[in-house]
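Chain by chain, the residues:
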Amino acid sequence: MPEQKPEIRKRNFNEVPLGYTFELAQKEASRCLQCKKPGCVEGCPVAVDIPGFINFITKGDMTGSIRNLWSRNSLPAVCGRVCPQEIQCEQRCILAKRGDPVAVGHLERFSADYERAYGTGELPPNAPATGKKVAVIGSGPSGLTVSGDLVALGHRVTVLEAFHKPGGVLVYGIPEFRLPKEIVTQEVHFLERLGVEVKCNMVAGNTVSIDELFESGYDAVYIGVGAGLPRFMIIPGENLVGILSANEYLTRANLMKAYKFPEVDTPIPHGKNVVVLGAGNVAMDSARTALRLGADKVRIVYRRSRKEMPARIAEIHHAEEEGIEFFFLTTPVKYLGDEKGRLTGMACLKMELGEPDESGRQRPIPIPGSEFELQCDFCVVAVGSGANPLLTNATKDMKLNQWGYIVADPETGKTTKKGVWAGGDIVTGAATVILAMGAGRKAADSIHKYLTWGW
Amino acid sequence: MFKIVRREEMTGGTVILNEIAAPLIARKAKPGQFVILKANEDGERVPLTMADSDPEKGTITVIYMVVGKSTALFKTLAVGDGYQDIIGPLGKPTHLEKVGTVVCVGGGTGIAVLHPITRALKEIGNHVISIIGARTKDLLILENQMRKVSHDLRISTDDGSYGHHGFVTEVLKEILENEDVKQVVAIGPVPMMKFVSKITAEYHIPTFVSLNPIMVDGTGMCGGCRVSIDGKTKFACVDGPEFDGHKVDYDELMRRLQAYCDEETECYEDYCTIRDAG
Ligand SMILES: Cc1cc2nc3c(=O)[nH]c(=O)nc-3n(C[C@H](O)[C@H](O)[C@H](O)COP(=O)(O)OP(=O)(O)OC[C@H]3O[C@@H](n4cnc5c(N)ncnc54)[C@H](O)[C@@H]3O)c2cc1C
Ligand code: FES
């Protein structure tokens, strides 16, 4: 797929891949062998009918293609851009054996973008009203999926979102250059047109409790609040000025649009010599944001090696092309600062890989005496996130696991509290958009059954 | 939109009171909790501790000092205008307990935050002595309101234009010498809270303070509000905003409040100057 050139894109916030032309899309689509037993569908967590929607593109029936996608996946424009296709559908493509699988993600994106640009905007019909009311807490991919499914089945759906804008990680976390915010806005708009009511500035647990939702007439509640608690390194000096969690950094940049400061009022640090700790998608997004905010040098520091990096391969590749450096097998042990309390660098240790740990990856072990200093004036901590206890603390009668995630039935999303479902990152821990959507779909089925037949 | 139903200017227009229609928040708000306000689409999210709330009328009241770009924007809002977004109530409510004699110390706009806490402490049966201070008489706010909710009100101004000539800490010391004080509450500029805590530590009197670090979400999601309490990192928005005054690392808090001061200061001032507000 055509892309912005690295030396140009690393200083702007526009989307990196430019998208297929119709001709390119049809050419790519025609490579699909239309397997009888398609591996790609098995590789997809929500079992999108991949050969089916691709076949519509080959035939030039774009309405058919998007309808087919929607029947399994309500956010194709998002998933086409952010799913880790290389370990899902594309990995299972028969052509992957020869090293060049069909670009399923790119085609999915094309189909959704085409609908947005040229589609009729015609709404699929909703089922007759059931008179039942459902509250969905959190407007990330998981909450949006539940809402879309339930409103189509005739239920009244209200989404409660703590932030002032809906979309969850899709608006506050993933940057514009990877997922234009316009797309998320349109997806939410689409749900609103279907009849979903979106209420922002509602911190469930504080502004309203789950029991109060039931008292005020809701028949069921879905919790999709994500895994929004930032993890820090917990090493000396972490509160120096110039160290931000990735959540804070990306929220300032994306949700608050601080990259446009002073046109907008929210500031953001402009590091010149930047270190990002971690190697997942969040770390790549932070590093590439720092570059776009004018950094001279951006380094990723990761305690394991290249092959353990959890980020999407496409994003690692993009980051490298843009000139981001990688320090593998390295971990900071202490931040260093000046007399004004500002970050000046960090003391690091070299690591080597030992026996596999509980994640199945080799455990990194510090090498004694390998300490060295890394200079930097700004650091983003992107070493993972945990369960935010705000809502769960306020909901005493719902079971949590030892890490504070909500215990929910993997098949239905039912929690231990009657009438309450949960799914997405708040159940699984930080995962992916498509898994959060898959959980939302299963829960929607189960909520519908409950509203029809009982608990 | 959250409409402003009442607006007052104090101290010659540098301090503004807004009573705002926010029924869901008013229903739940307790003394010591805060809200986050955003005036318009491109505005900053600004945390302010509530000065009052009225569940019947469905309103909350905030009082802020005009110090930077965002508060200057807030100041332009008239009755009938509104804030695009307000979220809350956030943070833990004040822990209220009947202990005997309590001293409430307020400085600058901190007095606005102190007022509902003082009222609540008196209502549950404490003997309340309050000390409020400002740089000069014209900058002192809520004197009458504080008098109403205290058994005894003392005033101090840095320049001696009203009440004691000097700092609130000197008045506090005198009270601690003469009364059997069981608890102190201090809310105001960071240096004031720091010095009050230093004195009460000498007298071994439990003291709590209300901290106002830089915040983004106010729900524990970003960690921008982290403060060191007894050497451990806490998120002020969910673990606070009130903390044991003897355990706070005030110097770190002051440095963190100035995080954005060196860059193009025009828009960052809100936080930079908060430290010496009052
Ligand atoms: C920077 C970044 C990059 C990522 N990149 C990718 C990627 O490329 N591909 C991929 O598949 N996945 C990626 N992920 C992971 C993916 O975004 C998440 O797994 C997914 O968004 C989880 O969806 P969710 O619906 O469970 O929660 P979220 O998207 O986290 O949404 C939860 C929502 O609930 C709201 N909320 C929280 N508490 C409350 C409350 N008490 N009351 C009301 N609302 C509340 C939050 O404000 C938020 O809007 C990335 C994550 C991040 C942070
Ligand atoms: S303001 Fe973001 S965690 Fe406290």
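Residues numbered from 1 in each chain as written. Chains lettered and ligands numbered in written order. Predicted model: local features only at pLDDT ≥ 70, side-chain atom pairs only at ≥ 80, totals over all residues. Heavy atoms only, no water.

This next bit is on the overall build of chain A. Helix and strand counts for chain A stand at 18 helices and 16 strands. Against the compact-globule benchmark of 23 Å for 455 residues, chain A has a radius of gyration of 23 Å, which places it among compact chains. When its C-alpha atoms are laid out on the principal axes, chain A stretches across 70 × 55 × 50 Å. For chain A, buried positions account for 58% of its 455 residues. Across chain A, contacts joining residues at least 24 apart in sequence account for 68% of those joining residues at least 6 apart. When the accessible surface of chain A is split by element, carbon and sulfur atoms take 53% of a total near 18,800 Å². (Helix = DSSP H or I, 4+ residues; strand = E, 2+ residues; numbered from the N terminus. Rg over C-alpha atoms; globule rule 2.2 N^0.38 Å. Buried < 20%, exposed > 50% of the residue type's maximum accessible area, 1.4 Å probe, protein only. Contact = heavy atoms within 4.5 Å. Areas by Shrake-Rupley, 256 points an atom, 1.4 Å probe, with all protein chains shown as cover.)

The subject of this paragraph is the packing of aromatic side chains. Residues and elements named next belong to chain A. In this structure the tally under the stated criterion is 14 aromatic pairs over all chains. Ring geometry for W70 versus F190: centroids 5.3 Å apart, planes at 20 degrees, classification stacked. In this pair, W70 is assigned in helix 5 (residues 62-70) and F190 in helix 11 (residues 181-194), connecting sequence segments 120 residues apart. In this structure F190 comes out as buried when scored by relative accessible area, which is 18%. Seen from their ring centres, F163 and Y172 are 5.6 Å apart, and the 55 degrees between their planes marks the pair as tilted. (Phe/Tyr/Trp six-rings, centres within 6.5 Å; stacked < 30°, edge-to-face > 60°.)

So, on to the sheet that holds strand 12 (residues 164-165) of chain B. The pairing of strands in a sheet happens through backbone hydrogen bonds and is either parallel or antiparallel. All names here are of chain B. Spatially, the seven strands line up as an open sheet ordered 12-11-10-9-13-14-17, and their pairing is mixed. This sheet does not close on itself; its edge strands, each paired only once, are strand 12 and strand 17 (242-244). Where strand 10 (residues 127-134) and strand 11 (residues 152-157) come together, six bridges link them in parallel fashion. Looking at the pairing, G133 lines up with S156 of strand 11. The strands that helix 6 (residues 190-202) touches are strand 9 (101-107), strand 13 (181-187) and strand 14 (207-210); relative to strand 13, the one it contacts most, it runs at about 165 degrees. (Pairing = 2+ DSSP bridges. Axes fitted to C-alpha atoms, helices over the stretch in contact; angles between N-to-C directions.)

Residue and element names in this part refer to chain A. If you check which residues of helix 2 (residues 22-29) are buried, you get A25, E28 and A29. For helix 2, the arc enclosing every buried residue in end-on projection is 100 degrees, short of the 170-degree limit, so these residues lie on one face. Of the residues in helix 2, the exposed ones pointing more than 90 degrees away from the buried face are E23 and K27. For helix 2, the elements touching its buried residues are helix 4 (50-59) and helix 8 (104-118). (Arc of directions from axis to C-beta.)

This brings us to the packing of helix 6 of chain B against helix 8 (residues 250-257) of chain B. Residue and element names in this part refer to chain B. Interaxial distance between helix 6 and helix 8 falls to 10 Å at its minimum, and their mutual angle equals 180 degrees. Relative to helix 8, the element helix 6 lies roughly antiparallel. On the side of helix 6, the interface is formed by V190, P191, M193, K194 and S197, while helix 8 contributes Y250, D251, L253, M254 and L257. Its residues assigned to classes, the contact of helix 6 with helix 8 comprises seven nonpolar, one polar and two charged. (Parallel < 35°, antiparallel > 145°, perpendicular 65-115°, else oblique. Nonpolar A, V, L, I, M, F, W, Y, C, P; charged D, E, K, R; others polar.)

Y335 of chain A together with V105 of chain B are the most contacted members of the largest nonpolar core, which has 89 residues in total. Ranked by size, the runner-up nonpolar core spans 66 residues in total, among them C32, M62, L191 and W421 of chain A. (Core = buried A, V, L, I, M, F, W, Y, C linked by side-chain atoms within 4.5 Å.)

Turning to the interface of chain B and chain A, a few remarks are in order. Facing the 48 residues of chain B at the interface are 44 residues of chain A. Summing both partners gives a buried area of about 3,600 Å² for chain B against chain A, and 51% of it is carried by carbon and sulfur. Three residues, M221, R226 and Y260 of chain B, lead the burial of chain B against chain A; their summed loss comes to 18% of the area buried on that side. In this structure, E212 of chain A and R27 of chain B form a salt bridge, with 3.9 Å as the shortest nitrogen-oxygen distance. (Buried area = accessible area lost by both parts, 1.4 Å probe. Salt bridge = Lys/Arg side-chain N within 4 Å of Asp/Glu carboxyl O.)

Residue and element names in this part refer to chain A. Examined against the element boundaries, K334 turns out to sit in strand 10 (residues 330-337). The exposure class of K334 is partly exposed, given its relative accessible area of 41%. Each C-alpha atom, one on K334 and one on E182, is 40 Å from the other, the two residues being 152 residues apart in sequence. Once residues lying within four places of it in the same chain are set aside, the contact partners of K334 are I235, P236, M346 and A347.

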